[in-house]
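# Observations on the three-dimensional arrangement
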Amino acid sequence: MRIVLILVTLLGVHATAQAQPAEKDSPGKTPPAKPISPSEVNGKTLREWREVLKSNDASRRSTAILSIMQFGEAASVAVPDLIQVLDKDPDVSPRTKAVTALRVIDVEGADVSRVVQALARRIRTGEGGESQVVVRYEALVTLRRFTADGAPAIPNLMRACTDPGSWEVQQLAVANLWQISATQSAKSEAADSKVVSTLMDVVMRRGSTYEVKIEALNGLAYLGRPSDPAVQQRLIRDLLLLVGGPSIGRETPLTKTQQLWALAALSNLGESFPGMTGTPQGRLAGYLRSKELDVRRQAAAALGTLGKRVSKQGLEALVKMLDDEEPLAVASACQAILAIGEKNDAVISKLVGLLESKRKENIITAANAIVAMREKSKRVLDVMDKLIDSKETDKAVSLYLSMAKKELEKPDPKKP
């Protein structure tokens, strides 16, 4: 699990858990002009470059794909041609470039399903699949663009979790698998048991690398309870083994990270388990006090992954973590609280306190969190004004706070 810092630019600060739909143009207001697609690229029209894709020369086919990508919105008509390259081209270079092109070219209507199925074929090994690791890797990167429509790729993703070519291919397959499955689980009350079993297989597999295991545990924590009771029992058994971990004195930051993510996944399945002291979330919250910075940050991320399922104890521990001496730990706690979606008085009071702290990093973290929460109460704005006007405030921080205040003064984005 890669922890992304909350130190984001204000331009993207509203991109929280759910993207906002584009606003409709107001009457009398000129809509923004769409980019004009060029009539030619490198001396040829789009139609002519599509013809070049039929060339017997692989280098010319590769050049054609790179040129087609430069035609902007108009290039969407070439999507079927690119799918043909993915399925039929014998040279790895055009296939790789076609996968990359589908990452940026507009894909519309029925073509979305066709592209997802074509990418799914490129992540499969064996007969009729993709022999080159680089193509499988790039196909998995491109597939992340189609998470909401990626269900047809799930069977091949489950197989790709043990791809023999690279651990990075395995990690991307695991990430795609649980994220696509999460969009499907949102429509039901339970997680796909086959997906959960696959993720647990990855975690328990002797040949899985640390990064791949953590990605799988992240997915298990996010997905929650599986639909099949037998899979649920197996999940509890294996997670308890991980939580037990190595004997005292033999733990490392890496084993602790696996344990805390196992606790996060286990917290979806109950409050108490035979042979286990305390609750999963209670023990997970304990890692927020670890001496190792990365362990504290991972524990915060794990609690944040639970979202609204986080306990009162877990939330209180995150709020307390806002007093951490390490700015990175503070940022991780803030990000987790944002993921949970909590903005009670205790949270706001801590953020106001961070605004008045002496650490520039903490001030910026607090400002970003406040803007993301759309918290524009009088006490927040008064503190911002005080700091902006103070001669003792660093000029860069003062400018940043001014930008944050302007963001808060904008109308709230319309909810979908």
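Up top you'll find the structure we're talking about.
Residues numbered from 1 in each chain as written. Predicted model: local features only at pLDDT ≥ 70, side-chain atom pairs only at ≥ 80, totals over all residues. Heavy atoms only, no water.

## Observations concerning helix α4 (residues 92–101)
Selection rule: Buried, partly exposed and exposed residues are distinguished by accessible area as a fraction of the type maximum, computed with a 1.4 Å probe on protein chains only: under 20%, between the cut-offs, and over 50%, respectively. By the criteria applied, helices consist of DSSP H or I runs no shorter than four residues and strands consist of E runs no shorter than two, each listed in order from the N terminus. Residue contacts follow a heavy-atom distance rule, with two residues in contact if any of their heavy atoms lie within 4.5 Å. Within 3.5 Å is the distance limit for a polar contact, defined as a pair of N or O atoms, with the added protein rule that one can donate a hydrogen and the other accept it, and that residues adjacent in sequence qualify only through two side-chain atoms.
What α4 keeps buried is the set P94, R95, T96, A98, V99 and A101. Buried positions along α4 lie against α2 (58–68), α3 (79–88), α5 (111–122) and α6 (133–143). Looking at where α4 begins, the residue whose side-chain oxygen comes 2.8 Å from the main-chain nitrogen of S93 is D91.

## Regarding unusual backbone geometry
In the Ramachandran plot, N42 falls in the positive-phi region, its phi being about 50 degrees despite a non-glycine side chain. Here N42 lies in the segment before α1 (46–52). You will see that R374, though not glycine, has its phi angle at about 60 degrees, which is positive. Mapped onto the elements of the fold, R374 is located in the loop between α18 (360–373) and α19 (378–389).

## Focus: the packing of helix α8 (residues 167–185) against helix α10 (residues 210–223)
As a reminder, the rule being used: Fitted lines through C-alpha atoms give the axes, limited to the stretch in contact for helices. The angle between two N-to-C directions lies from 0 to 180 degrees. Here is the rule for angles: anything less than 35 degrees is roughly parallel, anything more than 145 is roughly antiparallel, 65 through 115 is roughly perpendicular, and the remaining ranges are oblique.
Between α8 and α10, the least distance of the axes is 9 Å, while the angle of their chain directions is 5 degrees. Of the possible angle classes, the one that applies to α8 and α10 is roughly parallel. Note on element contacts: α10 touches α8 through E211, V212, E215, A216, N218, G219, Y222 and L223, opposite W167, Q170, Q171, V174, A175, W178, Q179, S181, A182 and S185.

## Quick look at the side chain of S267
Inspection of the secondary structure assignment puts S267 in the loop between α12 (253–266) and α13 (280–286). Sequence-distant contacts of S267, that is, excluding residues within four places in its chain, are made with P280, Q281 and L306.

## Some thoughts on the pattern of salt bridges
Applied cut-off: Salt bridge, as used here, is a side-chain nitrogen of Lys or Arg placed within 4 Å of a carboxyl oxygen of Asp or Glu.
Under the criterion given, the structure shown has 23 salt bridges. Of the charged contacts in the structure, one is a salt bridge between K360 and D394, with a shortest N-O distance of 3.1 Å. Taken together, the residues span a long stretch of sequence, with K360 in helix α18 and D394 in the loop between α19 and α20 (395–409) at a distance of 34 residues. On the basis of relative accessible area, D394 is assigned to the partly exposed category, the value being 30%.

## Comments concerning the packing of aromatic side chains
The geometry of two aromatic rings is summed up by the distance between their centres and the angle between their planes. In plain terms, the rule: Any pair of Phe, Tyr and Trp rings, taking the six-membered ring for Trp, is counted once the centres come within 6.5 Å. Such a pair is stacked with planes under 30 degrees apart, edge-to-face with planes over 60 apart, and tilted for the rest. Charge-over-ring contacts are defined here by two conditions on Lys NZ or Arg CZ: a distance within 6 Å of the ring centre and an angle within 35 degrees of the ring normal.
Tallying each qualifying case throughout the model produces one aromatic pair. Seen from their ring centres, W178 and Y222 are 5.3 Å apart, and the 45 degrees between their planes marks the pair as tilted. In this pair, W178 sits in helix α8 while Y222 sits in helix α10, placing the two residues 44 residues apart along the sequence. For Y222, a relative accessible area of 41% corresponds to the partly exposed category. We note K44 situated over the ring of W49; from NZ or CZ to the ring centre the distance is 5.8 Å.

## Overview of α5
For the record, the criterion: Expected helix span is given by 1.5 Å per residue-to-residue step, counting one fewer step than there are residues.
An ideal rise of 1.5 Å per residue puts 16 Å on twelve residues; α5 measures up with 16 Å between its terminal C-alpha atoms. Residues D111, V112, V115, V116, A118, L119, A120 and R122 constitute the buried set of α5. Contacts made by the buried residues of α5 are with α3, α4, α6 and α7 (154–160).

## Digging into the packing of helix α15 (residues 312–321) against helix α16 (residues 327–340)
The condition is simple: Each crossing gets its handedness from the near helix: less than a right angle anticlockwise from the far helix is left-handed, clockwise is right-handed. Charged means Asp, Glu, Lys or Arg here, nonpolar means Ala, Val, Leu, Ile, Met, Phe, Trp, Tyr, Cys or Pro, and polar covers whatever is left, Gly included.
Viewed as axis vectors pointing N to C, α15 and α16 meet at an angle of 145 degrees, and their least axial separation amounts to 8 Å. You can see that α15 and α16 cross each other, and the crossing is left-handed. Between α15 and α16, the contacting residues are L315, L318, V319 and M321 on the first element and A329, V330, A333, A336, I337 and I340 on the second. In the contact of α15 with α16, the residues fall into ten nonpolar, no polar and no charged.

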